[in-house]
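# Per-entry structural report
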Amino acid sequence: YSVNLTTKAGPVNLDFTHSSLEEVGTNTDNNTLTKLVASATVADINLVAGYGMTNDNDTNGRSLGVDLTTDNDAKTNFRLDQIVLDTYADADAILLGASMAFGKTTVGASYLMASIDNNVGVDTDAAELDLTVKYAMSKNFSITGLYSDAEIETGATKSYDETRMELSLN
């Protein structure tokens, strides 16, 4: 199940979502993902800040996750391009972002930082920075460029370090 509550407090939009998944017929406990996201527009700059956390049920250091299908991913999950909070057990994350439109062009930056307790005494830290530029050619055609840099460190060891660039036509 997934519960979503939204409200507006002055200029700030608040979105709270709690999702839970229990795999029937297995010996695993429920997997949960809870997130609170606040967004507002200040002086033509769209700002977003969020906090997300998963429960501590894991299978070999990984969460089974609560995302049942990819079409529900945007609503239930807490992610950027590469790092997906829902795949980690006992994780806490903070999301910060800003974007601004300049005519037909919109530029944005998002940063996700997470701390994961993998239940073996060595904590994992993850961080991702995404930079985007979108140009609206018309009302139903746009070009978007994405630069994504992500890093995951377990203890003093980098277990993931990847930079991605993407150009998409929508």
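Since we're looking at a predicted model, the values are computed, not measured.

## Details of the nonpolar core
Counting 16 residues, the largest nonpolar core has Phe78, Leu85 and Leu112 as its most contacted members. Contacts of phenylalanine 78, omitting those with residues within four sequence positions, involve Leu33, Lys35, Val37, Gly50, Tyr51, Gly52, Ile83, Val84, Leu85, Ala93, Leu95 and Leu112.

## A look at the sheet that holds strand β5 (residues 91-102)
On the basis of which strands lie adjacent, the open sheet formed by nine strands has the order β1-β2-β3-β4-β5-β6-β7-β8-β9 and antiparallel pairing. The open sheet is flanked by β1 (2-9) and β9 (157-169), the only strands paired with a single partner. Here the average twist between neighbouring strands, direction ignored, is 10°. Note that strand β2 (residues 12-21) and strand β3 (residues 31-42) share nine bridges and pair antiparallel. The residue bridging phenylalanine 16 from the neighbouring strand is leucine 36, located in β3.

## Quick word on a nonpolar patch on the surface
A cluster of nonpolar side chains, contributed by Tyr51, Met53, Ile94, Leu96, Tyr111, Met113, Leu129, Leu131, Tyr147 and Met165, occupies part of the molecular surface with about 880 Å² of accessible area. Of all the elements in the fold, those that place two or more residues in the nonpolar patch are β4 (45-54), β5, β6 (105-117) and β7 (123-138). With respect to the helices and strands, tyrosine 111 occurs in strand β6. Assessed through its relative accessible area of 33%, tyrosine 111 is described here as partly exposed.

## Remarks on the environment of threonine 106
By the element assignment, threonine 106 lies in strand β6. In this structure threonine 106 comes out as partly exposed when scored by relative accessible area, which is 30%. Residues threonine 106 and alanine 136, spaced 30 residues apart in sequence, show a C-alpha to C-alpha distance of 8.4 Å.

How each quantity is defined
Along every chain, residues carry numbers that run from 1 in the direction the sequence is written. Two thresholds apply to this predicted model, a pLDDT of at least 70 for residue-level local features and 80 or more for giving and counting side-chain atom pairs, whereas whole-chain, interface and lining totals are computed over all residues. As a convention, hydrogens and water are excluded, and side-chain values are obtained from all of the structure's heavy atoms. Residues grouped as a nonpolar core are buried Ala, Val, Leu, Ile, Met, Phe, Trp, Tyr and Cys residues, joined through side-chain atoms within 4.5 Å. Three exposure classes are used, based on accessible area relative to the maximum for each residue type with a 1.4 Å probe and protein chains only: buried under 20%, partly exposed in between, and exposed over 50%. Only heavy atoms matter for contacts: two residues are in contact if any of them lie within 4.5 Å across the pair. By the convention used here, strands pair only if DSSP detects at least 2 bridges between them. Counting from the N terminus, the helices are the DSSP runs of H or I reaching at least four residues and the strands are the DSSP runs of E reaching at least two. Interaxial angles span 0 to 180 degrees and are taken between N-to-C directions of axes, which are lines fitted to C-alpha atoms, for helices over the stretch in contact. The patch calculation keeps residues exceeding 30% relative accessible area without a salt bridge and links them within 9 Å when they carry like charges or within 5 Å when they are nonpolar (Val, Leu, Ile, Met, Phe, Trp, Tyr). Surface exposure here means Shrake-Rupley accessible area, sampled with a 1.4 Å probe, where a residue is shielded only by the protein chains that are shown. Salt bridge, as used here: a side-chain nitrogen of Lys or Arg that lies within 4 Å of a carboxyl oxygen of Asp or Glu.

Read these as geometric descriptors, not functional statements.
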